[in-house]
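Observations on the three-dimensional arrangement
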Amino acid sequence: MGVVSTVPASAERAVSERRRWAMLAVSTFAQAAASVAINGAAFLIPVLVHDRGLSLTQAGTLAALPLVGVLCTLLLWGAAVDRYGERAVLLAGLGGTTLAGILALLVDGTVPLGAALFLGGAFAASTSSASGRVVVGWFPPARRGLAMGIRQMAQPAGVGIAAVTIPVISAHQGITAALTVSPVAAAVAAVAVAVIVLDPPRPPRHVEHTANPYRQSSYLQRIHVASILLVVPQFLVWTYALVWLLDDRGWEPGPAGLLVAGTQLLGALGRIASGALSDVVGGRMRPMRWIAVGAAVTMALLGLTAWLGWAVSILLLAAATTITVADNGLAFTATAERAGPYWSGRALGVQNTAQYLTASLCAPLAGASITHWGHPATFALSALFPLAAIALVPTRDERPLA
């Protein structure tokens, strides 16, 4: 079924087309800056292991602390968006991310660094619901999938920025120097939000708009569970691709970081393509199911070829990074559309909390799995999660609460 606009026609004309796309660009940059804060610690793992003597499991746990901060606050930020608006939440969250990044530069020791990383993730979580709502609120349904695909490219783009900068800086200048990337990005994003972003208008409150969408069908619950399963291979390759290239394939940090950044660019383009495809087919669920099939096949082949030591495994890593992230924008858009303008902040908070909870568990558990069974077996086992997600993706799109 096609989707219906949540924005009144008069409101869509309230800003110029140029301003609408500028807000999309700034929202995307804000989410990318948050992604650096949330995912950047994963690229410190080699230095933490080789220079500071941490085990892979310990380093993976430290890298997961920003994700723990995210999952502790996503629901609160979502509720704040519903109550106070998108712009205020973006400014507060990015400002806090900047301060937490500065704190990480000043502290000494593993535990204080972990606390600063946790706080950075807690504040960076603000951008998820807020920037997504800016896009859903200002773009009509016929272009919303493409617009959300562009916005969703921010997460792999942020990981790509971190992959290019953090491994090289940490290898040559130390962890403290590498930690400057996050607060600088967050500060620039906060200034851009202050200048460009406006809160999108909402329709008048009606019973249909304010009723709890979770009580009306199992549609949102199925999207959440399917997304949980699909996020496992995504965060596995994000967190440990660099470690695999360095330790198993014998690459140097610079080329390995460039390859990971390149795969993140492919992932960003994949999100745009899947969003545009959802606009063409008139729904978000069919493309999401196709992506689940592709993720299961690709991760299984990556595990097999990595075990055999074949060079094609590098290409499959790029393919896996592209495919495993392509569903996020579809699930995010469908959640916001179905939940409606007065519930989407909380619904997106639930969606992302579930995903980040899974991701925070994935890093240390995958580290333990790699330690005992190796990268190839861990890659292959992760194919079971998208395989299970195929049956859980709703068979068709429900009418949005608009």
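Parameters at a glance
Residues numbered from 1 in each chain as written. Predicted model: local features only at pLDDT ≥ 70, side-chain atom pairs only at ≥ 80, totals over all residues. Heavy atoms only, no water. 1 Å grid on protein atoms, 1.4 Å probe; cavity = no way out; pocket = protein on both sides within 12 Å on 5 of 7 lines; lining within 4 Å. Points joined across faces, edges and corners; volume = space filled by probe spheres on them. Helix = DSSP H or I, 4+ residues; strand = E, 2+ residues; numbered from the N terminus. Nonpolar A, V, L, I, M, F, W, Y, C, P; charged D, E, K, R; others polar. Core = buried A, V, L, I, M, F, W, Y, C linked by side-chain atoms within 4.5 Å. Buried < 20%, exposed > 50% of the residue type's maximum accessible area, 1.4 Å probe, protein only. Patch = residues over 30% accessible without salt bridge, like charges linked within 9 Å, V, L, I, M, F, W, Y side chains within 5 Å. Areas by Shrake-Rupley, 256 points an atom, 1.4 Å probe, with all protein chains shown as cover. Salt bridge = Lys/Arg side-chain N within 4 Å of Asp/Glu carboxyl O.

Right, let's get into empty space enclosed by the protein. Summed over all chains, the structure comprises seven cavities of 30 Å³ or more. Looking at the largest cavity, its volume works out to about 170 Å³. In this structure, the largest cavity is lined by 18 residues; those nearest its centre are Val 36, Ala 37, Leu 117, Leu 179 and Ser 182. Of all the secondary-structure elements, those providing two or more residues to the lining of the largest cavity are helix H2 (17-39), helix H5 (86-106), helix H6 (110-124) and helix H11 (181-196).

So, about the layout of surface pockets. By volume, the largest pocket is sized at about 280 Å³. Every residue lining the largest pocket is counted, 13 residues in all, and those nearest its centre are Val 232, Cys 362, Leu 365, Ala 366 and Phe 385. When contributions to the lining of the largest pocket are tallied by element, the ones reaching two or more residues are helix H13 (219-247), helix H18 (344-373), helix H19 (375-382) and helix H20 (384-389). Per-element tally for the lining of the largest pocket: the top contributor is H18, with six residues. Across the lining of the largest pocket, the residue classes break down as nine nonpolar, four polar and no charged.

To continue, consider the nonpolar core. Core analysis: the biggest nonpolar cluster contains 96 residues, and Phe 43, Phe 235, Tyr 240, Met 299, Leu 302 and Tyr 356 have the highest contact counts within it. Ranked by the residues each element gives to this core, the list is headed by H13, at 12 residues. Within the second largest apolar cluster, 20 residues are counted, among which are Tyr 219, Ala 326, Trp 343 and Val 393.

Here the focus is a nonpolar patch on the surface. A contiguous nonpolar surface patch, about 890 Å² in accessible area, is contributed by Val 293, Val 297, Leu 301, Leu 304, Trp 307, Leu 308, Trp 310, Val 312 and Leu 315. Broken down by secondary-structure element, the contributors of at least two residues to the nonpolar patch are helix H15 (285-308) and helix H16 (312-324). A total of six residues in the nonpolar patch trace back to one element, the largest contributor, which is H15.

So, on to the pattern of salt bridges. Following the criterion strictly, the structure yields eight salt bridges and no others. We note a salt bridge from Arg 133 to Asp 82, for which the minimum N-O separation is 2.7 Å. Of this pair, Arg 133 sits in helix H7 (residues 126-138) while Asp 82 sits in helix H4 (residues 56-84), and the two are 51 residues apart along the sequence. Taking the shortest distance from any N to any O, the salt bridge between Glu 86 and Arg 133 comes out at 3.0 Å. Note that Glu 86 is positioned in helix H5 and Arg 133 in helix H7, a separation of 47 residues in sequence. Of the two residues, Glu 86 and Arg 133, both sit in the buried class. Residues joined by salt bridges that share partners form a network here, namely Asp 82, Glu 86, Arg 133 and Arg 346.

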